[in-house]
Amino acid sequence: QVQLVESGGGLVQAGGSLRLSCAASGRTFSSYTMGWFRQAPGKEREFVVAIRWSENYYADSVKGRFTISRDNAKNTVYLQMNGLKPEDTAVYYCAVRRGLGVEIGVREYDYWGQGTQVTVSS
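Residues numbered from 1 in each chain as written. Predicted model: local features only at pLDDT ≥ 70, side-chain atom pairs only at ≥ 80, totals over all residues. Heavy atoms only, no water.

Got a minute to help me understand the overall build of the protein chain in this structure?
Scanning the protein chain for helices and strands turns up zero helices and eleven strands. Each helix (α) and strand (β) of the protein chain, taken in turn from the N terminus, gives the series β-β-β-β-β-β-β-β-β-β-β. Taking 2.2 N^0.38 as the reference for a compact globule, 122 residues should give roughly 14 Å; the C-alpha atoms of the protein chain span a radius of gyration of 13 Å, in line with that estimate. Among the 122 residues that make up the protein chain, the fraction classed as buried is 43%. Sequence-distant contacts in the protein chain: of pairs separated by 6 or more residues, those separated by 24 or more amount to 58%. Carbon and sulfur atoms form 45% of the exposed surface of the protein chain, whose accessible area is close to 6,300 Å². Of the side-chain charges in the protein chain, 14 are positive and 11 negative, and the distance between the mean point of each set is 4 Å. (Helix = DSSP H or I, 4+ residues; strand = E, 2+ residues; numbered from the N terminus. Rg over C-alpha atoms; globule rule 2.2 N^0.38 Å. Buried < 20%, exposed > 50% of the residue type's maximum accessible area, 1.4 Å probe, protein only. Contact = heavy atoms within 4.5 Å. Areas by Shrake-Rupley, 256 points an atom, 1.4 Å probe, with all protein chains shown as cover. Lys, Arg positive; Asp, Glu negative; His and termini not counted. Charge placed at Lys NZ, Arg CZ, Asp CG, Glu CD.)

Before we go on, may I ask you to explain the packing of aromatic side chains in this structure?
Within a pair of aromatic rings, the relevant descriptors are the distance that separates the centres and the angle that separates the planes. In this structure the tally under the stated criterion is six aromatic pairs. Plain terms: the ring middles of Phe47 and Tyr57 are 5.9 Å apart, the flat faces sit at 35° to each other, and that makes the pair tilted. Here Tyr57 lies in strand S6 (residues 55-58) and Phe47 lies in strand S5 (residues 46-52), a separation of ten residues in the sequence. What makes Phe47 buried here is its relative accessible area of 11%. Look at Tyr57 and you get partly exposed, because its relative accessible area is 42%. Members of the aromatic cluster, each reached through a chain of ring pairs, are Phe37, Phe47, Tyr57, Tyr109 and Trp112. (Phe/Tyr/Trp six-rings, centres within 6.5 Å; stacked < 30°, edge-to-face > 60°.)

Explain the pairing of strand S8 (residues 76-81) to me, please; I cannot follow it from the model alone.
Two faces belong to every sheet, and in a regular strand the side chains alternate between them. A large share of S8 lies buried, amounting to five of its six residues. Two elements, strand S3 (residues 18-25) and S8, share six bridges in a ladder whose sense is antiparallel. Across the sheet, Arg19 pairs through a bridge with Gln80, a residue of S8. Here strand S7 (residues 66-71) pairs with S8 via six bridges, running antiparallel. Counted as the bridge partner of Arg70 is Val77 from S8. Connecting S7 to the next strand, S8, in antiparallel fashion are four residues, including Asn75 with a positive phi near 55°. (Pairing = 2+ DSSP bridges.)

Teacher, can you tell me more about the nonpolar core here?
Burial of nonpolar side chains together is a common tendency in soluble globular proteins. Formed by 35 residues in total, the largest nonpolar core has its most connected members in Met34, Trp36, Leu79, Met81 and Tyr92. When contributions to this core are tallied by element, the ones reaching two or more residues are S3, strand S4 (33-39), S5, S7, S8, strand S9 (90-97) and strand S11 (116-121). Not counting the four nearest positions on each side in its chain, Met34 is found in contact with Cys22, Ala24, Phe29, Val49, Ala50, Ile51, Ile68, Arg70, Val77, Cys94, Ala95 and Val96. (Core = buried A, V, L, I, M, F, W, Y, C linked by side-chain atoms within 4.5 Å.)

Here is the structure:
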C-alpha cells in the first residue's frame, strides 16, 4: 500500500524558514512526479511545486523562496521554504502523480499524504 508521510511543519515568524519532508513507501517513486500542495482555511487546495526527474515547476507565489528537491534513494521529497510570509500559512500536502509530465491540477495526482501544518506569524 502506498503511503506518503509529511513532516517538518510548525510555527515560524515571517521571514523565517522551514523544511518539509515527504517520505514515500509502498513502491519506488523515482520515475513519478512528486508535488506539494497547500490548503488554507476556507480556500481550495492549491499547487505549490512539483518535480519529475530534473524538471520542476513552481507556483508564481513561491518562486524564488521555495525549493523542491528529492532523494530517490530514500524515496523522499523535500520542500525548503525561505522568506515565509503569513499568507503561506496552510496545511501542506505531499502528492504523487503516476502519469507523465508535471501537472498542477489536484485531480492529476493519485496519492496524497495526511498534511502538515505550517503557520507563519506576522
